[in-house]
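If you want the building blocks of each chain, they are given just below.
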Amino acid sequence: PLMRPSLHRRQLLGLMLGLGAAFVGAPMLSLRGAPPEPTLRFLAVADTGIGNVEDKVRKNHRKTLGLLRDLKAGGKRLAAYGAAAKGSTLVNYFGIDATLLDFVADRNVHKQGRLMPGVRIPISAPSRLVEDRPDYVLLLTWNFAEEILKQQAEYRARGGRFIVPIPQVTVL
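Residues numbered from 1 in each chain as written. Predicted model: local features only at pLDDT ≥ 70, side-chain atom pairs only at ≥ 80, totals over all residues. Heavy atoms only, no water.

A. Expanded view of the sheet that holds strand β1 (residues 78–81). With respect to topology, 6 strands assemble into an open sheet ordered β3-β2-β1-β4-β5-β6, the strand pairing being mixed. The open sheet terminates on both sides in strands that have one partner only, identified here as β3 (123–124) and β6 (170–171). Relative to strand β4 (residues 136–139), β1 is paired through 4 bridges, and the arrangement is parallel. From the neighbouring strand, Ala 80 faces β4, where its bridge partner is Leu 138. (Pairing = 2+ DSSP bridges. Helix = DSSP H or I, 4+ residues; strand = E, 2+ residues; numbered from the N terminus.)

B. Inspection of unusual backbone geometry at higher detail. Omega for the bond connecting Ile 166 with Pro 167 falls within 30 degrees of zero, at 5°, which places this linkage in the cis form. Mapping Pro 167 onto the fold places it in the loop between β5 (161–164) and β6. Residues other than glycine seldom take positive phi values, yet Arg 120 does so here, at roughly 55°. For Arg 120, the position within the fold is in the loop between β2 (104–105) and β3. Residue Arg 120 is classed as exposed on the basis of its relative accessible area, which comes to 54%. Here Arg 133, not a glycine, exhibits a phi torsion of approximately 50°, which is positive. Checked against the element boundaries, Arg 133 lands in the loop between α5 (127–132) and β4. (Buried < 20%, exposed > 50% of the residue type's maximum accessible area, 1.4 Å probe, protein only.)

C. Broad picture of the packing of aromatic side chains. Counting across every chain of the model gives 2 aromatic pairs. Aromatic side chains Tyr 155 and Phe 162 sit 5.5 Å apart centroid to centroid with 85° between the ring planes, which places their arrangement in the edge-to-face category. Judged on exposure class, the residue Tyr 155 and its partner Phe 162 are both buried. Positioned above the aromatic ring of Phe 103, the side-chain terminus of Arg 128 is 4.0 Å from the ring centre. (Phe/Tyr/Trp six-rings, centres within 6.5 Å; stacked < 30°, edge-to-face > 60°. Lys NZ or Arg CZ within 6 Å of the ring centre and 35° of its normal.)

D. Here's a closer look at the pattern of salt bridges. Using the criterion set out here, one finds 4 salt bridges in the structure. Linking Glu 146 and Lys 150 is a salt bridge whose minimum nitrogen-to-oxygen distance equals 3.6 Å. Taken together, the residues span about one helical turn, with Glu 146 and Lys 150 both in helix α6 (residues 145–151) at a distance of 4 residues. By relative accessible area, Glu 146 is classed as exposed at 58%. (Salt bridge = Lys/Arg side-chain N within 4 Å of Asp/Glu carboxyl O.)

Structure below.
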């Protein structure tokens, strides 16, 4: 059975997403399950210099998940690109699963034919984007957006669009 992450673990994952997977939030995770100390939470936010990270992550979570749900409810077909750890963190934290995404495309042949951890979305070769032509692709490797958009020129030329979730949700 799949276990749901504790609230504190979810806070840590959210903070990691907000910081581009920096581990500033590591002190928030309590080994005994006790609430994180407010001082440590304050220091984690203050040290970043980017304001209240938790609020920003929650807002981005709502917007991204809301967009995906609206598109799916409107009959659009959705997939994702990039089965990297940061993408797995995002889909698990945001609650994005196989009810929203049909598959995840990834160039790594060792990942193809497997499932995204926690959410069990199948991983396929990038060629499936052109073959299946989903309407939108959630870009889970947002730090390589420029490179991936160039690689996927054929998919985009056929009307495919990308959703970049970080730093704020954007449709390209």
